[in-house]
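Summary of structural features
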2 protein chains.
Amino acid sequence: MKGFYGRILEIDLSRGKSTVTEIPEEEYRKYLGGSGLAAKIYDSRGYAELDPLAEESPLIILTGILTGHNVPTACKLAFCGKSPATGIWAEAVVGGYWPAALKTSGYDGLIITGKAEKPVYLCSGENGVSIEDATDLWGEDAYATVEKLQAVHGDKTKVAAIGPAGENQVLISAIMIDGLDARAAGRCGMGALMGSKNLKAIASVKTENVPPLHDKEALAEARKKVLPQIREKAKGLTDFGTAGGVPVVEKLGDLPIRNWTGGSWSEGAAKVSGQAMADQFFVKHYACFACPIRCGKEMKVPIGPHKDTVSHGPEYETVAGFGAMCLNDDPAYVITANDLCNRLGIDTISGSTVVAFAMELYEHNLIPADLLGDLKPEWGSGEAILKLIKQIAYREGLGEYLGRGVKKAAEYFGPLAAEFAVESKGLEFAFHDPRAFTSMAVVYATGARGACHLEGLTYFNENKAIPASILGLPDDYDPHGTEGKAVLAKTMQDYMGTFNALGLCKFLNRGHVSPADIAGWVSAVTGWDLTEKELLTAGERLFNLKRKINVGLGISRKNDTLPPRLLVHDRGEGAAAGSLPHLGKMLYEYYQLRGWSLEGIPAKETLKRLSLI
Amino acid sequence: MKGFYGRILEIDLSRGKSTVTEIPEEEYRKYLGGSGLAAKIYDSRGYAELDPLAEESPLIILTGILTGHNVPTACKLAFCGKSPATGIWAEAVVGGYWPAALKTSGYDGLIITGKAEKPVYLCSGENGVSIEDATDLWGEDAYATVEKLQAVHGDKTKVAAIGPAGENQVLISAIMIDGLDARAAGRCGMGALMGSKNLKAIASVKTENVPPLHDKEALAEARKKVLPQIREKAKGLTDFGTAGGVPVVEKLGDLPIRNWTGGSWSEGAAKVSGQAMADQFFVKHYACFACPIRCGKEMKVPIGPHKDTVSHGPEYETVAGFGAMCLNDDPAYVITANDLCNRLGIDTISGSTVVAFAMELYEHNLIPADLLGDLKPEWGSGEAILKLIKQIAYREGLGEYLGRGVKKAAEYFGPLAAEFAVESKGLEFAFHDPRAFTSMAVVYATGARGACHLEGLTYFNENKAIPASILGLPDDYDPHGTEGKAVLAKTMQDYMGTFNALGLCKFLNRGHVSPADIAGWVSAVTGWDLTEKELLTAGERLFNLKRKINVGLGISRKNDTLPPRLLVHDRGEGAAAGSLPHLGKMLYEYYQLRGWSLEGIPAKETLKRLSLI
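In this text, all values refer to a predicted model and were calculated from it rather than measured experimentally. (Residues numbered from 1 in each chain as written. Chains lettered and ligands numbered in written order. Predicted model: local features only at pLDDT ≥ 70, side-chain atom pairs only at ≥ 80, totals over all residues. Heavy atoms only, no water.)

**Side note on helix α19 (residues 439-446) of chain B**
Among the eight residues in α19 of chain B, eight count as buried, and that is most of the element. Where α19 of chain B is concerned, the buried positions are Ser 439, Met 440, Ala 441, Val 442, Val 443, Tyr 444, Ala 445 and Thr 446 of chain B. (Buried < 20%, exposed > 50% of the residue type's maximum accessible area, 1.4 Å probe, protein only. Helix = DSSP H or I, 4+ residues; strand = E, 2+ residues; numbered from the N terminus.)

Here it is in structure tokens:
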């Protein structure tokens, strides 16, 4: 084996015991590690039957084949299992430095089951992985947890930690990476899954232990070839981070405004853009492991108890969420809300969605007075945003319900509330509007973990930021039409699944890296002769495997849909005015391309073709 | 008051008492009687809070202003309340002779609450309305019940009765009218509502008591004017009944085949058509009260225990249901299934839908063996159809679940079963395919009682069988497009609502009768100067009033949808191949035309404009 260890450490926190599981090389070639191999393990062990918060329900943490190698952006690992938020397949992929540090433990990853009697953290380093007492860390925020663990294990210690939200098993809680130079495993409530195990953190001290490479020179050569191109094409991300995209996206009608009802917000978008924030609050750039893009931005927190401390600057999704979605055009509140979510360990996509949802409930007088107290969640209120984030983390007041995610929260606030809950399969939508780029309707409707943008990213293709021609598809699309959208969604989903398995960042696409490039990197690392075609077939395999898991959990065509707000509500202004996705037409084509029945079930022949049965 | 009494008899079966309620003339002008006035009473009394099968839940039975007068097709009344099947507004409108006979009781209708201690029937005649013992009738089928009551009260007695299905509170049970020359108040499970009151039947002996007319001559003149035109234009209905439409409809892709999955079935359609059945089994034509069309057909029952008896010949919906939906091309089984449903008191639309649903479950091995016993519900099996109808009526075996309707049944058979359950708001679809005529997608999605065809009937407009120009709309439509569909659906819904209120049959449309004609009849009967515009505004009022009731019951835009089978499943064959309705686009337009919010809630200004608040 080259490039990875083929070894996973399984830790049972109830018994305080661990065992080593060997994974054959052919399994890696078939599933590529990361969330791909995790899905294979999850599926083959009958884990799907367990309640996500049951003691024996696993938190599977797997690096990919490329993670930790000197491959552009090979910084990622995946937290997988069953989502406590949605009850279906969950994967939350994250970068930073911790994943690569964890891989130097001598294991490709961890499978954590059981529940510790009292709070613990795991420590990986020269001496393997140990279970340590975390009583003193419990209740600390995610940044403070990192500081405390670095004080014990050294400055270079990299950490994955939950905040109070994860401890309290808030269903929209995240697992936070690397402290203030933050990265988040945000979606699917994996913080709650970790918290349910009394597991506060995983501290990883980097060792010299790296799996050997097959052909270091070939890899260096391949890397050298693409670096200039990545730096050039992805320069916008380097300069202003993901939040630099806010004004562009607003101009295209792609930015969700006022809980997905507004069509244009150009002044607001300018005020909270990455560019505007950089002008006022920028401290420095930072990168994840092995990444030439450096999209991370440190910023000063402008208000609140953490005023003037340095923190991670908000990403595009966070600005869209706590800015446009809530009609808040004050970047100070966006940055502070982001800092607060990071510290408390809340997914900023789901977190800002539930806040915007609460604002709409408030507008419609649907929140009981005793639940509101002195809170006034009016559109645009930065103070309400900050208060609600705290209430969510500590399950207080309104936060008790909001922390369940919009779907479950809507059940509490009555039938009309469901109209304001923008989710698919229980997961809140990421902030790219399927009315602006209709291929995203297919991506969101069929996403393995629910309304995820990252499984398809096709707004980038439609917007020509990523040439679809690298996948043999046309580069030109009518953003509001249906033609070519099903095949675009399907192809990108298959391809993007390989990133989550290999440990790569999807911003490589912004650098116009091709599947052939990636297949070459894998071959250089492993010694396999992996072709572009085999890579993409593996991606198709992974997408179908996750679908198979979800089908076992009751998912079928009936769940492949968008909320009525995105199917029926023409915003009537902005660049996507007049556009509503004809989802049925695209899905019909999609199922045929996938080799699924019209009920959305993978056909036996499809599963056989992909060696899944 | 002219044309109606302005008096309703309220009967409390728990206490065996009745009271008379006077309704002011202006209420009749505003709500037109029938299901319109019923909705007004239902809404104003807070009935909506009650469980539909609770003792105090009302069964409101109201004739319309025109019912019983010598006006073409003025034969109808409405059974209204909350549907035990769907939990929302219910109206089941029915003709025959009984409604006109009931109106000669001296009351415009009845409101029945409470529950009799033992089975009873009501008898209306010269001496008002009495409550009679029905112990001997309980368990009898609907035809036998009529015979027994006629033996007591005379041959001319007209009867509304439930069969065993209604007694057993089967949620898809009907109220049957007039015995073998049958008419059915089929939809919404009103048989169960009647059964829950221990009320077996209402026997009405015709008296001389008819409300006086304002202008008999003007009415006779108006009638004379339209009769030839009705006879000419609706000749197809006279010749072969509604079932004559089967082959035409199949050619247009409008016929649902194999539980809505098939696109063409021309040989089958020819075999079970009204024409083919008439050739083999016809006995005689019959009409409802005051109807020049005479679409009723008596036929000989070809098989089973009632072989060679004369019965009602199946309607289009029944042929589509027990024929095409179940892939059964043997008309003998269609006629026998229809006879059985009539006798047992089962809605043939919902009844055949649950049978087709069971056949699809069986194909997918989703029915537990112990529930099947020796039953083999294979596609096309006439024997399985007959067995399942009996099981449904007596709540035995599989029938216990099927009798709940497809939505609730699907909950029992697991998540995949929901893919095969074709319903909206809990009501099974009538058998006109919204993929063939997309305006029907809007009609079904927004229907006050769920997936009802009769609330819109726009397939007739799109198919040019009814000129939309009588409503000031274009006569030409692209059947698979979206243009003009929202306004067509809205306008027809408003207009059709007046029929259910006035007591008219919607086949008048097939006779090209106009709103001006109808306004003239109402004016001649009542002495009002009712204009076409006032009539249509009343229709709009009624549609909004029912929506208001449903909104109070939790209905909003989220419920205005079609099942994925009709939105995503392109049948790929037949005349509607390639067509899937773009529901979102049409609904967006529709809500604006209606003056509803984008969440599907009538705006205050709309309710004010229609004098509903």
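Now, onward.
**Thoughts on the sheet that holds strand β11 (residues 183-185) of chain B**
All names here are of chain B. With mixed pairing, the six strands of this open sheet are ordered in space as β8-β7-β12-β9-β10-β11. The open sheet has two edge strands with one neighbour each: β8 (128-133) and β11. Each strand axis lies, on average, 20° off the axis of its neighbour in the sheet, ignoring direction. Running at roughly 50° to strand β12 (residues 199-204), helix α4 (residues 142-153) makes contact with β7 (120-125), β9 (158-161), β10 (175-177) and β12 of the sheet. (Pairing = 2+ DSSP bridges. Axes fitted to C-alpha atoms, helices over the stretch in contact; angles between N-to-C directions. Contact = heavy atoms within 4.5 Å.)

**Observations regarding the environment of Gly 447 of chain B**
Residues and elements named next belong to chain B. With respect to the helices and strands, Gly 447 occurs in the loop between α19 and α20 (458-462). For the pair Gly 447 and Arg 547, spaced 100 residues apart in sequence, the C-alpha to C-alpha distance is 8.9 Å. Dropping the residues within four chain positions of it, Gly 447 is found in contact with Lys 425, Glu 455 and Gln 493.

**Structural notes on the packing of aromatic side chains**
Two numbers describe a pair of aromatic rings. These are the distance of the centres and the angle of the planes. Applying the stated criterion across every chain yields a total of 36 aromatic pairs over all chains. Relative to Phe 499 of chain B, the ring of Tyr 495 of chain B has its centre 5.1 Å away and its plane inclined at 90°; by these criteria the two rings are edge-to-face. Separated by four residues within a single helix, Tyr 495 of chain B and Phe 499 of chain B lie in helix α21 (residues 485-502), roughly one turn from each other. Taking the relative accessible area as the measure of exposure, Phe 499 of chain B reaches 1% and is therefore buried. Ring-pair connections join several aromatic residues into one group, and the members of that group are Trp 260, Phe 429, Phe 431 and Tyr 444 of chain A. (Phe/Tyr/Trp six-rings, centres within 6.5 Å; stacked < 30°, edge-to-face > 60°.)

**Observations concerning the sheet that holds strand β14 (residues 296-300) of chain B**
Residue and element names in this part refer to chain B. Taken together, the three strands give an open sheet; going across it, the order is β13-β14-β15, and neighbouring strands pair in antiparallel fashion. Bordering the open sheet on either side are β13 (282-286) and β15 (310-312), each of which pairs with just one other strand. Between one strand axis and the next, the sheet turns through 30° on average, direction left out of account. Examined bridge by bridge, β13 and β14 share four bridges and lie antiparallel to one another. Across the sheet, residue His 285 finds its bridge partner in β14, namely Lys 297.

In short, shape yes, function no, at least from these values alone.
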